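Chain and residue survey
What follows is each chain in one-letter form.
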Amino acid sequence: NNVAKYLDSITVSLDYPDDRHDKDRRVNGLFKKSIEGIKEAQKYVSNIKINYSIHKKNINCIEDMINLVKELNCKIYFRLLIRESKKEANVADYDYAIDNKEILKKVIDKLIILKKEKAPIVSSYPYLTYIRDNVSFKCLISRFIINIDSHGRVYNACPEYEGTKELVFGSTRE
């Protein structure tokens with residue numbers, strides 16, 4: 001409540017639309033707590049979004065996530081887990097990366113259709129088509145968004161640095 005006056009929006013990362021999220025994050029009850037947190041945050045901040053990183057294991061949950069978002073009366077940002085960070089980065093999640101171009105294209109085309117059908121999708125058409133068509137672009141996201149991970153590290157949100165934590169700006173715990 002004390003912090004809400006300084007926030008324009010809150011984004012919560014969810015990996016699944018149910019307690020499979022707990023298994024991926026290795027924290028029992030995390031999904032339920034996340035949903036409770038979203039509902040509580042909505043009392044103070046009107047712009048709540050869910051960040052959903054689509055990967056090999058949750059690729060079939062997209063419509064269930066959209067239904068959850070509609071129930072919660074918030075919006076969703078889809079991020080596609082592809083190999084977008086620096087080549088030398090050792091990113092544990094890369095085992096889940098969508099590396100099949102045809103599957104990636106089908107998923108993105110589906111997201112574009114859902115967005116056109118007025119699903120509460122925040123991901124922009126340019127982002128989706130750039131990823132689908134493998135178009136190179138300059139990342140400007142860190143001008144608008146900062147990431148805070150589960151360890152309290154504040155770091156660059158640009159996917160080029162995904163998993164590397166090269167540009168850690170500070171810590172919320174210090």
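Residues numbered from 1 in each chain as written. Predicted model: local features only at pLDDT ≥ 70, side-chain atom pairs only at ≥ 80, totals over all residues. Heavy atoms only, no water.

1. What about a nonpolar patch on the surface?
- A cluster of nonpolar side chains, namely Val3, Tyr6 and Leu7, defines an oily patch on the protein surface of about 330 Å² accessible area.
- Its place among the elements puts Leu7 in the segment before β1 (10-13).
- Judged by its relative accessible area of 36%, Leu7 is partly exposed. (Patch = residues over 30% accessible without salt bridge, like charges linked within 9 Å, V, L, I, M, F, W, Y side chains within 5 Å. Areas by Shrake-Rupley, 256 points an atom, 1.4 Å probe, with all protein chains shown as cover. Salt bridge = Lys/Arg side-chain N within 4 Å of Asp/Glu carboxyl O. Helix = DSSP H or I, 4+ residues; strand = E, 2+ residues; numbered from the N terminus. Buried < 20%, exposed > 50% of the residue type's maximum accessible area, 1.4 Å probe, protein only.)

2. A word on helix α4 (residues 101-116)
- With 16 residues, α4 extends 22 Å from end C-alpha to end C-alpha; this agrees with the ideal 22 Å at 1.5 Å per step.
- Taken together, the buried positions of α4 are Leu104, Val107, Ile108, Leu111, Ile112, Leu114 and Lys115. Seen from one end, α4 has its buried residues packed into an arc of 165°, which puts them on one side. Residues of α4 that are exposed and point more than 90 degrees away from the buried face comprise Glu102, Lys106 and Lys116.
- Lining the buried residues of α4 we find β2 (48-54), α3 (62-72), β3 (75-80) and α5 (125-132).
- Sitting at the head of α4, Asn100 places a side-chain oxygen 2.9 Å from the backbone nitrogen of Glu102. (Expected span 1.5 Å × (residues − 1). Arc of directions from axis to C-beta. Contact = heavy atoms within 4.5 Å. Polar contact = N/O pair within 3.5 Å; in protein donor to acceptor, adjacent residues only side chain to side chain.)

3. Description of the sheet that holds β1
- Taken in spatial order, the three strands make up an open sheet running β1-β2-β3, and their pairing is parallel. Either end of the sheet is taken by a strand with one partner, and the two such strands are β1 and β3. Taken pair by pair, the neighbouring strands of this sheet meet at an average axis angle of 30°, ignoring direction.
- The pairing of β2 with β3 spans six bridges and is classified as parallel. Paired with Ile50 across the strands is Ile76, a residue of β3. (Pairing = 2+ DSSP bridges. Axes fitted to C-alpha atoms, helices over the stretch in contact; angles between N-to-C directions.)

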